[in-house]
Amino acid sequence: MTACISTFPTGMPRPDMDAVSARSLCKDYGLHHALIDVDFNACPGQPTVLLGRNGAGKSTLLKCLAGILLPTTGNVSVCGEHEADRIRAAVGYVGESPCLDGQMTVAESLYMEMKIRERARSAGSFQEDLLRTIEFAGIGPLLGKKCGVLSKGHAQRVALALAMCGNPDVLVMDEFSSGLDPAQSASIRQVLKRLSQSKTVIISTHSIGDADALGGFIYVIAGGKVAGTGSAEDLIGMTGKKTLEEAFLELSQEEK
């Protein structure tokens with residue numbers, strides 16, 4: 001496994017060997033430029049948040065970082081890996097809409113996912129890893145329920161638990177709070193903040209409140225470009241605004 005790039009633009013968090021990075025990343029869909037020369041990196045210690053309007057390019061960037069989409073140009077490195085199949089093995093990905101088999105119980109879904117990812121898991125017993133995942137995601141009371149009857153908030157927790165199977169070094173969540181009530185959103189935020197202490201956690205959102213509450217390093221994405229980076233305080237300071245909302249609105253104005 002090769003080391004990640006050691007030199008990063010000023011103001012960006014310095015990664016370790018488990019970092020995710022992208023350089024000059026572009027993604028085109030025909031004539032549409034979804035991502036334009038994006039530089040990005042993330043590492044454990046705090047959540048990394050992609051904040052942008054709908055259609056800004058957040059989901060495309062996450063899928064490139066997770067090895068689901070191949071960039072048109074540029075490169076992505078995850079834990080020193082550059083090939084898409086190896087990147088996917090290192091990443092737990094949760095899409096905006098949880099993709100669960102409605103006919104299976106939560107316990108059956110977890111067991112199957114654990115068996116699929118068994119070879120990728122770090123040392124430790126199968127049962128210990130399974131119990132740890134259930135406890136961390138807070139889904140013990142849901143184990144006997146069919147996935148098809150879960151609320152959106154519970155489905156998101158189960159999807160998060162499935163992504164954690166195999167103990168991936170990187171967790172990527174797209175619009176994690178979409179469709180959740182405030183209590184559900186706050187609960188999942190706490191899980192993600194705890195996970196970010198030991199894993200690289202990358203989250204997208206169009207909720208300024210969620211981005212602020214997560215307290216991590218923020219990338220403002222606008223028109224497929226990085227429009228600003230830093231903590232909420234950094235973004236407020238660089239724009240001369242009073243709130244993160246005002247700073248975001250200033251930074252996310254797309255070029256005319």
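About the thresholds
- Residues numbered from 1 in each chain as written.
- Predicted model: local features only at pLDDT ≥ 70, side-chain atom pairs only at ≥ 80, totals over all residues.
- Heavy atoms only, no water.
- Helix = DSSP H or I, 4+ residues; strand = E, 2+ residues; numbered from the N terminus.
- Buried < 20%, exposed > 50% of the residue type's maximum accessible area, 1.4 Å probe, protein only.
- Contact = heavy atoms within 4.5 Å.
- Areas by Shrake-Rupley, 256 points an atom, 1.4 Å probe, with all protein chains shown as cover.
- pLDDT = per-residue confidence, 0-100.
- Disulfide = S-S within 2.5 Å.
- Axes fitted to C-alpha atoms, helices over the stretch in contact; angles between N-to-C directions.
- Parallel < 35°, antiparallel > 145°, perpendicular 65-115°, else oblique.
- Left-handed = near helix turned anticlockwise from the far one by under 90°.
- Phe/Tyr/Trp six-rings, centres within 6.5 Å; stacked < 30°, edge-to-face > 60°.
- Nonpolar A, V, L, I, M, F, W, Y, C, P; charged D, E, K, R; others polar.
- Pairing = 2+ DSSP bridges.
- Core = buried A, V, L, I, M, F, W, Y, C linked by side-chain atoms within 4.5 Å.

Chemist: Describe in detail the overall build of the protein chain, supporting the description with residues and values.
Modeler: Counting its regular elements, the protein chain contains 9 helices and 9 strands. Across the 256 residues in the protein chain, those meeting the buried criterion constitute 49%. Across the protein chain, every contact between residues at least 6 apart in sequence was considered, and the portion connecting residues at least 24 apart equals 67%. About 12,100 Å² of surface is accessible on the protein chain, with carbon and sulfur atoms providing 51% of the total.

Chemist: Explain the confidence of the model for the protein chain to me, using residue names and the numbers behind them.
Modeler: Residues of the protein chain with pLDDT of at least 70 account for 89%, and the chain-wide mean is 86. Below a pLDDT of 50 lies the segment residues 1-18, which in the model reaches 44 contacts outside its immediate sequence neighbourhood of four places, other chains included.

Chemist: So what about the state of the cysteines? Which residues, and what values?
Modeler: For the structure shown, the criterion picks out 0 disulfides. As a non-bridged cysteine, Cys-64 has Cys-26 as the owner of its nearest cysteine sulfur, 10.0 Å distant.

Chemist: Kindly report on the packing of helix H3 (residues 106-116) against helix H5 (residues 152-164), identifying the contributing residues and their values.
Modeler: Taken N-terminus to C-terminus, the directions of H3 and H5 make an angle of 20°; their axes are 9 Å apart at the nearest point. Taken together, the axis directions place H3 and H5 in an arrangement best described as roughly parallel. Two packed elements cross with a definite hand, and for H3 against H5 that hand is right-handed. Contacts between H3 and H5 involve Val-106, Ser-109, Leu-110 and Glu-113 from the first element and Val-158, Ala-161 and Leu-162 from the second.

Chemist: An account of the packing of aromatic side chains is needed here, citing residue identities and associated values.
Modeler: Overall, the coordinates contain 2 aromatic pairs when judged by the stated rule. Between Phe-40 and Tyr-219, the ring centres sit 4.6 Å apart and the planes meet at 40°, which makes this aromatic pair tilted. Pair noted here: Phe-40 is in strand E2 (residues 32-42) and Tyr-219 is in strand E8 (residues 217-222), with a separation of 179 residues, a long-range link. Phe-40 gets classed as buried once you look at its relative accessible area, which sits at 0%.

Chemist: How would you summarise the packing of H3 against helix H4 (residues 126-137) if you had to cite specific residues and measurements?
Modeler: Orientation of H3 relative to H4, taken along the N-to-C sense of each, is 130°, at an axis distance of 11 Å. With respect to their mutual orientation, H3 and H4 come out oblique. As H3 runs across H4, the sense of the crossing is right-handed. In this structure, H3 uses Leu-110, Tyr-111, Met-114 and Lys-115 to contact H4, whose residues at the interface are Phe-126, Asp-129, Leu-130, Thr-133 and Ile-134. By residue class, the composition of the contact of H3 with H4 is 6 nonpolar, 1 polar and 2 charged.

Chemist: Outline the sheet that holds strand E4 (residues 73-78), listing residues and values.
Modeler: On the basis of which strands lie adjacent, the open sheet formed by 3 strands has the order E2-E1-E4 and antiparallel pairing. A single partner strand is all that each edge strand has here, and the edge strands are E2 and E4. Along the sheet, successive strands turn relative to each other by an average axial angle of 20°, direction set aside. As paired strands, strand E1 (residues 20-29) and E2 are joined by 7 bridges and run antiparallel to one another. The residue bridging Tyr-29 from the neighbouring strand is His-32, located in E2.

Chemist: Which residues make up the nonpolar core, and what are the values?
Modeler: One finds Leu-160, Leu-171, Leu-192 and Ile-218 to be the most contacted residues of the largest nonpolar core, which totals 28 residues. Other than its neighbours up to four places away in sequence, Leu-171 contacts Gly-92, Val-94, Leu-160, Ala-163, Leu-192, Leu-195, Thr-200, Val-201 and Ile-202. Counting 26 residues, the second largest nonpolar core, distinct from the first, contains Leu-25, Ala-56, Ile-87 and Phe-217.

Chemist: Provide a residue-level description of the environment of Gly-52, including the pertinent values.
Modeler: By the secondary structure assignment, Gly-52 is in strand E3 (residues 48-52). Overall, Gly-52 belongs to the buried group, its relative accessible area being 0%. Taking the C-alpha atoms as reference points, Gly-52 and Leu-251, 199 residues apart in sequence, are found 9.7 Å from one another. Every residue in contact with Gly-52, bar those within four places of it in the chain, is listed here: Lys-58, Thr-205, His-206, Ile-221 and Phe-248.

Chemist: Please provide a residue-by-residue account of the sheet that holds strand E6 (residues 170-173), values included.
Modeler: Within the open sheet, the 6 strands sit side by side as E5-E6-E7-E3-E8-E9. Their pairing is mixed. The sheet is open, and its two borders are formed by strand E5 (91-94) and strand E9 (225-230), each paired with just one other strand. Between one strand and the next, the sheet's axes are offset by a mean angle of 15°, whatever the strand orientation. Where E5 lies against E6, 4 bridges are found, and the strand directions are parallel. Each residue of the ladder has a partner; that of Val-91, found in E6, is Val-170.

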